Amino acid sequence: MRSVYRLLKPMLPVTLVLTGLWIAFIIAAPQTFLDKYIYISFMTSIPFIAIAAAGITLVVIAGEMDMSFASNMAMSGFAFAVITRWSGSPALGLAAALAMGACIGLINGLTITATGAPSIVVTIGFDFFWRGSVMLLSNGLAVSLASMRTSPTVQCFTGRIGGLIPAQTVWMLGVSIFFAVILHRTVLGDGIRFLGDNKEAARMMGLPVRRTRIGVFVLAGITAAFSGVLSCMELGNWWPTQGEGYLLLVFASVFLGGTSVYGGRGTLWGSLAGAMVIGMIEAGLVSAGLSGFWTRFVHGLVLVSSVVFYALASERKGKRSRL
C-alpha cells in the first residue's frame, strides 16, 4: 500500500484541481458542461496539447528545456503537407513528418551536448531558425489538404469512432501510456529521472548521459511532429503559423501536472490532466459569462501558481529529509 501511495501521491494535486474546476464549471454553466458536445469539443482539441506535452515532460524531467517544439510542429506539418500533396499518400506524409520531427530533435540534442550551451538558449535559437525556414520554404502560404480528409489514414488518426468520439483522443491516451511505460518501467526512464536529479552523479555512475539527453530531445521532436500532423488532418489544412500559441499551453500543462521545473520528477498522468485543465479553462470562462480576454490571464496565473506551489512543496520535502 505504501508503494501505491508513493506512486499516486504526485498525481493527487492536479487530479483535485481538475475535479474541482470541472465541478465549478458545471455549477457556473450547467447548460454547457452537462451537454455532451462540449466534451466532444475537448476531445477534439486537447490531444494536440497533451501529445506535445508528453514529449516535453520527459525533456523537463531530464533537467532540460525545449522551446522549439512549436516551430517543429510547423516544420513537420509542412513536410506532411508537401509529401502528402506530392504522393497522394497521407501515410507517406506522416512518415516524412515524424522523420522530420526526429531530425529536429536530434539536431537540438547534438548541438546542446556538443557545445555545452544551456538547452533553453539553444532551442530558443532553433525556434526562430525553424520558423523562419518554414516561412521561406512555403512563401508564407497555406497548403490545403481538404481532398485527403476522407482517406483511410486520416480517418484512422482523426476520424470519429462510432460517429462521435474523435480518434485523436485514443492516440493521445496511447502516447501518454507509452511514455509512462518508458518513464517508469524502462532503463531509459530511470536514466532520465537520475539525469534530471543529479547530472554529475549520473555521469560518475557510468550512465549514458549524452545519449539520454539526445534521446529525450528526439522523443520530444517526434511528439511535436505527431501533434502537428494530427492538427493538419483534423483541419484539412497546413498553415505557416501552425504551433504558435502552444508554447504557454504545453508548458502550463507540464508544470501544472507536477513535473518539477528543476528536473528529476514528473508523471505523464500529471501532464495529461494538466492539458485537460488548460483546455477546459477557456470554454469554462466563456460559458460562465466572462470575456475571452480572461483566458490568457487565468492561464498565466495557473502556470505561476503551480510552479510556486510545487517549488515550495519540494523545498519543504528537502528540509524534512535533511532533518
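Our structure is the block above this text.
Residues numbered from 1 in each chain as written. Predicted model: local features only at pLDDT ≥ 70, side-chain atom pairs only at ≥ 80, totals over all residues. Heavy atoms only, no water.

Asker: Kindly report on the overall build of the protein, identifying the contributing residues and their values.
Answerer: Scanning the protein for helices and strands turns up 15 helices and 4 strands. Principal-axis analysis of the C-alpha atoms places the extent of the protein at approximately 65 × 55 × 35 Å. Across the 323 residues in the protein, those meeting the buried criterion constitute 50%. For the protein, long-range pairs separated by at least 24 residues make up 76% of all intrachain contacts whose partners lie at least 6 apart in sequence. With the model as given, the accessible surface of the protein reaches about 15200 Å², and the carbon-plus-sulfur share is 70%. For the protein, the distance from the average position of its 22 positive side-chain charges to the average position of its 11 negative side-chain charges is 8 Å. (Helix = DSSP H or I, 4+ residues; strand = E, 2+ residues; numbered from the N terminus. Buried < 20%, exposed > 50% of the residue type's maximum accessible area, 1.4 Å probe, protein only. Contact = heavy atoms within 4.5 Å. Areas by Shrake-Rupley, 256 points an atom, 1.4 Å probe, with all protein chains shown as cover. Lys, Arg positive; Asp, Glu negative; His and termini not counted. Charge placed at Lys NZ, Arg CZ, Asp CG, Glu CD.)

Asker: How would you explain the pattern of salt bridges if you had to name every residue and give the values?
Answerer: Going through the model one piece at a time under the given rule, you end up with 6 salt bridges. The salt bridge involving Glu234 is made with Arg160; its shortest N-O contact spans 3.0 Å. One end of the pair, Glu234, is in helix H12 (residues 209–235); the other, Arg160, is in strand S2 (residues 160–161), with 74 residues separating them in the sequence. Classification of Glu234 as buried rests on a relative accessible area of 11%. Classification of Arg160 as partly exposed rests on a relative accessible area of 34%. One salt-bridge network, in which partners are shared between bridges, spans Glu64, Lys199 and Arg213. (Salt bridge = Lys/Arg side-chain N within 4 Å of Asp/Glu carboxyl O.)

Asker: Give a detailed account of unusual backbone geometry, specifying residues and quantitative values.
Answerer: Phi angles above zero are rare outside glycine, and Asn139 is one such case at about 55°. Position of Asn139 relative to the elements: it lies in the loop between helix H7 (119–138) and strand S1 (143–144). Given a relative accessible area of 64%, Asn139 falls into the exposed group.

Asker: An account of the layout of surface pockets is needed here, citing residue identities and associated values.
Answerer: Each pocket or cavity is described by its volume, and for the second largest pocket that value is around 300 Å³. When residues of the lining of the second largest pocket are traced back to their parent elements, those giving at least two are helix H4 (36–61), helix H13 (246–256), helix H14 (268–287) and helix H15 (294–322). For the lining of the second largest pocket, a count of residues per class yields 9 nonpolar, 6 polar and 3 charged. (1 Å grid on protein atoms, 1.4 Å probe; cavity = no way out; pocket = protein on both sides within 12 Å on 5 of 7 lines; lining within 4 Å. Points joined across faces, edges and corners; volume = space filled by probe spheres on them. Nonpolar A, V, L, I, M, F, W, Y, C, P; charged D, E, K, R; others polar.)

Asker: Explain the side chain of Asn108 to me, using residue names and the numbers behind them.
Answerer: Mapped onto the secondary structure, Asn108 falls in helix H6 (residues 90–115). A relative accessible area of 1% means that Asn108 is categorised as buried. Contact partners of Asn108, with chain neighbours within four places excluded, come to Asp66, Ser68, Thr123, Phe126 and Phe217.

Asker: How would you explain the environment of Val229 if you had to name every residue and give the values?
Answerer: As for its placement among the helices and strands, Val229 is situated in helix H12. Residue classification places Val229 among the buried residues on the basis of a relative accessible area of 1%. Residues Val229 and Ser76 lie 153 residues apart in sequence; the distance between their C-alpha atoms is 7.3 Å. Apart from residues no more than four positions distant in its own chain, Val229 is found in contact with Phe80, Leu94 and Ala97.

Asker: Describe in detail the nonpolar core, supporting the description with residues and values.
Answerer: In terms of nonpolar packing, the biggest core is built from 84 residues, with Ile56, Leu58, Phe69, Val250 and Phe251 touching the most fellow members. For this core, the element with the most residues is H4, which contributes 15 residues. In this structure, Phe251 is in contact with Ile56, Val60, Met65, Asp66, Met67, Phe69 and Leu303, ignoring residues within four places of it in sequence. (Core = buried A, V, L, I, M, F, W, Y, C linked by side-chain atoms within 4.5 Å.)

Asker: For helix H5 (residues 69–87), give the residues involved together with the corresponding values.
Answerer: An ideal rise of 1.5 Å per residue puts 27 Å on 19 residues; H5 measures up with 26 Å between its terminal C-alpha atoms. Most of H5 is tucked away, with 14 of its 19 residues classed as buried. (Expected span 1.5 Å × (residues − 1).)

Asker: Break down the packing of aromatic side chains for me, citing the residues and quoting the values.
Answerer: Going through the model one piece at a time under the given rule, you end up with 15 aromatic pairs. Summarising the aromatic geometry, the rings of Phe178 and Phe179 are spaced 5.8 Å apart at their centres and angled 75° between planes, so their arrangement reads as edge-to-face. Put simply, the rings of Phe25, Phe33, Tyr39 and Phe42 pair up and form one aromatic cluster. (Phe/Tyr/Trp six-rings, centres within 6.5 Å; stacked < 30°, edge-to-face > 60°.)

Asker: How would you summarise the environment of Pro240 if you had to cite specific residues and measurements?
Answerer: One can find Pro240 in the loop between strand S4 (237–238) and H13. Each C-alpha atom of the pair Pro240 and Leu141 lies 6.6 Å from the other, and the pair is 99 residues apart in sequence. Filtering out sequence-adjacent residues up to four positions away, Pro240 remains in contact with Ala74, Arg131, Val134, Met135, Ser138, Gly140, Leu141 and Ala142.

Asker: Summarise H7; cite the residues concerned and give the values.
Answerer: A rise of 1.5 Å per residue sets the reference length of H7, with its 20 residues, at 28 Å; its end C-alpha atoms lie 28 Å apart and thus fit the reference within 8%. By the burial criterion, the buried members of H7 are Ser119, Val122, Thr123, Phe126, Trp130, Arg131, Ser133, Val134 and Ser138. Projected down its long axis, H7 carries its buried residues within an arc of 160°, all on one side. Set apart from the buried face of H7 by more than 90 degrees, the exposed residues are Val121, Phe128 and Leu136. (Arc of directions from axis to C-beta.)

Asker: Account for a nonpolar patch on the surface, with residues named and values stated.
Answerer: Residues Ile120, Val121, Ile124 and Phe128 make up a contiguous nonpolar surface patch of roughly 390 Å² in combined accessible area. In this fold, Phe128 is placed in helix H7. What makes Phe128 exposed here is its relative accessible area of 64%. (Patch = residues over 30% accessible without salt bridge, like charges linked within 9 Å, V, L, I, M, F, W, Y side chains within 5 Å.)

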